[in-house]
Structures are given as C-alpha cells and as structure tokens.
Amino acid sequence: MKSSPFPYIIITTLLLIMVTIMATLNFPFSWVFYLTVIGQIAVVVMVYKTLNDKYTTDKTFEHFYEDRPIEPSGFNAENELEDIKL
C-alpha cells in the first residue's frame, strides 16, 4: 500500500497549532516545551516523508497550471524598448 505524506502534514499542523494555543492560554511551561520539541521532531519527519514520496507525473512546464492556461499576451519587450527610445 502506498503511503501518503498528507497525514503527517495534518498531524504536524494540528500539533503546532496546539502549541500556539497552549502558550497563549498560559499552560504549564513543561507541557508547552515538550509539545514544542515533539512538534519540531514532527516537522523533520513530515519534511522527510514529503520529500521521499514516490510521486511521479507526466506533466511538464509546458502544461503550466491546469486551472490557468498560458495565453499568448502579445507583449514584446523589444517593441516596448523602441517605443521608450523614441
């Protein structure tokens, strides 16, 4: 079964949000400290799992973004420079 990095991302995000909330609500320092250390370890694990994910695609830069295709703009820098010089 293929493992996905998304659970690691979600858990790490929730863990670090909890650290912020606990620090704001003046929880005991030891709780906040240990949760921060666990959060830092979770960030390292999350980055490792995300970068080692065996995701492949056949897309290239020519596809750019699927939801925003590149349209020819008609902008030509050389023509713009000539207009400025005149």
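Please refer to the structure placed before this passage.
Residues numbered from 1 in each chain as written. Predicted model: local features only at pLDDT ≥ 70, side-chain atom pairs only at ≥ 80, totals over all residues. Heavy atoms only, no water.

### Here's the deal with the environment of Ser 3
With respect to the secondary-structure elements, Ser 3 resides in the segment before helix H1 (6-24). Residue classification places Ser 3 among the partly exposed positions, given a relative accessible area of 47%. Taking the C-alpha atoms as reference points, Ser 3 and Lys 54, 51 residues apart in sequence, are found 9.0 Å from one another. (Helix = DSSP H or I, 4+ residues; strand = E, 2+ residues; numbered from the N terminus. Buried < 20%, exposed > 50% of the residue type's maximum accessible area, 1.4 Å probe, protein only.)

### Considering helix H2 (residues 29-51)
Note on helix geometry: an α-helix contains 3.6 residues per turn, so any two residues three or four positions apart are oriented the same way. For H2, which comprises 23 residues, the first-to-last C-alpha distance of 33 Å matches the rise-based estimate of 33 Å (1.5 Å per residue) to within 8%. Those residues of H2 that fall on the buried side of the exposure criterion are Val 32, Leu 35, Gly 39, Ala 42 and Met 46. (Expected span 1.5 Å × (residues − 1).)

### Remarks on the side chain of Thr 12
Tracing the chain through its elements places Thr 12 in helix H1. If sequence neighbours within four positions are ignored, Thr 12 has contacts with Gly 39, Ala 42, Val 43 and Met 46. (Contact = heavy atoms within 4.5 Å.)

### Quick look at the packing of aromatic side chains
Geometrically, a pair of aromatic rings is defined through the distance of the ring centres and the angle of the planes. A complete count under the given rule lists 3 aromatic pairs for this structure. Centroid distance Phe 29 to Phe 33: 5.9 Å. Interplanar angle 25°. Geometry classified as stacked. Residue Phe 29 and its partner Phe 33 are located together in helix H2, separated by 4 residues, close to a single helical turn. For Phe 33, a relative accessible area of 41% corresponds to the partly exposed category. Aromatic pair Phe 33 and Tyr 34: ring centres 5.4 Å apart, planes at 65°, arrangement edge-to-face. The rings of Phe 29, Phe 33 and Tyr 34 are connected pair by pair, giving a single aromatic cluster. (Phe/Tyr/Trp six-rings, centres within 6.5 Å; stacked < 30°, edge-to-face > 60°.)

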